Amino acid sequence: MATIRFDVLTLFPDMFTGFIQNSMIQKAHEKGLIETRIINFRDYAFNKHRTVDDIPYGGGDGMVLKPEPFFEAIDDLIDPNEEKPPVLLMSPQGERLTQQKVNQLATHSRLILLCGHYAGFDERIHQYVATEEISIGDYVLTGGELPAMIIMDSVSRQIPGVLGNTLSAQNDSFADGLLEYPQYTRPAEYRGYQVPEVLLSGHHLRIEKWRRQESLRRTWERRPELLDKVTLTEEDRIFLRQLEDQQGE
Ligand SMILES: Nc1nonc1C(=O)N[C@@H]1CC[C@H](O)C1
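All values reported here derive from a predicted model rather than from experimental measurement. Residue indices begin from 1 for each chain and proceed along its sequence in written order. Residues qualify for local features only when their pLDDT is at least 70, as the model is predicted, and side-chain atom pairs are given and counted only at 80 or more; totals for whole chains, interfaces and linings, by contrast, use all residues. Hydrogens and water are ignored here; the side-chain numbers use all heavy atoms of the structure.

## Quick look at the overall build of the protein
To keep things clear, this is the line we draw: Strands here mean DSSP runs of E at least two residues long; helices mean DSSP runs of H or I at least four residues long; both are numbered from the N terminus. With C-alpha atoms as the basis for the radius of gyration, the globule rule is written as 2.2 Å multiplied by the number of residues raised to the power 0.38. Here's how the labels work: a residue is buried when its accessible area is under 20% of the maximum for its type, exposed when over 50%, partly exposed in between, all with a 1.4 Å probe on protein chains only. Only the protein chains shown count as cover for residues, and all accessible areas are computed by the Shrake-Rupley method using a 1.4 Å probe.
Scanning the protein from terminus to terminus reveals 10 helices and 9 strands. In terms of overall dimensions, the protein is more spread out than a globule: its C-alpha atoms have a radius of gyration of 23 Å, far above the 18 Å expected for 249 residues. The principal-axis extents of the C-alpha atoms in the protein amount to approximately 70 × 45 × 40 Å. For the protein, with 249 residues in total, the buried portion stands at 43%. Summing over all exposed atoms, the protein offers an accessible surface of approximately 15000 Å²; the carbon and sulfur share of this is 50%.

## Looking at the UniProt feature "binding site: S-adenosyl-L-methionine" (unreviewed entry) in the protein
We count it as follows: UniProt positions are given in the numbering used here, feature names are shortened, and annotations may be inferred rather than shown by experiment. Cavity and pocket criteria rest on a 1 Å grid covering protein atoms alone: a 1.4 Å probe that fits but cannot get out defines a cavity, protein on both sides within 12 Å along at least 5 of 7 lines defines an open pocket, and an atom within 4 Å of a point defines a lining residue. We call two residues in contact whenever any of their non-hydrogen atoms come within 4.5 Å of each other.
Under the present numbering, the feature "binding site: S-adenosyl-L-methionine" (unreviewed entry) in UniProt falls on Gly-116, Ile-136, Gly-137, Asp-138, Tyr-139, Val-140 and Leu-141. Restricting the annotated residues to those that line the largest pocket leaves Ile-136. Secondary-structure assignment places Gly-116 in the loop between strand S6 (110-114) and helix H5 (123-128). Discounting residues that sit within four places of it in the chain, Gly-116 has contacts with Leu-65, Phe-121, Thr-142, Gly-143, Gly-144 and Glu-145. In this structure, Asp-138 sits in the loop between strand S7 (132-135) and helix H6 (145-157).

So, in structure tokens, the structure goes:
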């Protein structure tokens, strides 16, 4: 029994082949931790020419995705006697995807993802098929497939056992609300560029302190607004005040 199943409705199933065959997702499949079903919603367009889009009522540019294929597909995918799983519509108008949202999505056993194209979806799909809308950012893409893969990738990382070292998901950027500390690996010196001494010291408490301070520094420098949402210790506050004082000098 997979821990989570992704059902994806798309016009371009082949876009997902390479993604699903990448290292992490494929291994998670093999371990039975995740399951994916990539469905072409054109298979649910039962009109004569199997059309899935049409011109917008009221005129205007672009084509709009018709409601029928999505309603038919969802009827086929969801047992009316079962609790309806989240049906996520990928759209720039949606809730911005954050790590917190990813973590919440990862608690479900099944997610259905709707990938649009063209000018978007008939409003009735938003209203009566989707349970929520997700945006991966304030820019417009040609389709919802990449946003769907971003959701599948980021949610899969949160499934226990998917990442080789479960700790790394906890230490990720945003895991504690801060940006991740700088990472180094061998060699200790390369072209005169040294790895910070503390990381070579084997002194775990000092390393932990250095990493926390570097997370705070990086967040303060690059995404200060995140600091308002983070639980800070008194030691954190003292360090941040030192950064402020140094900046003022
Ligand atoms: N940004 C985004 N976050 O999620 N989805 C998008 C996005 O641009 N979608 C496109 C809009 C028209 C077409 O339907 C696909």
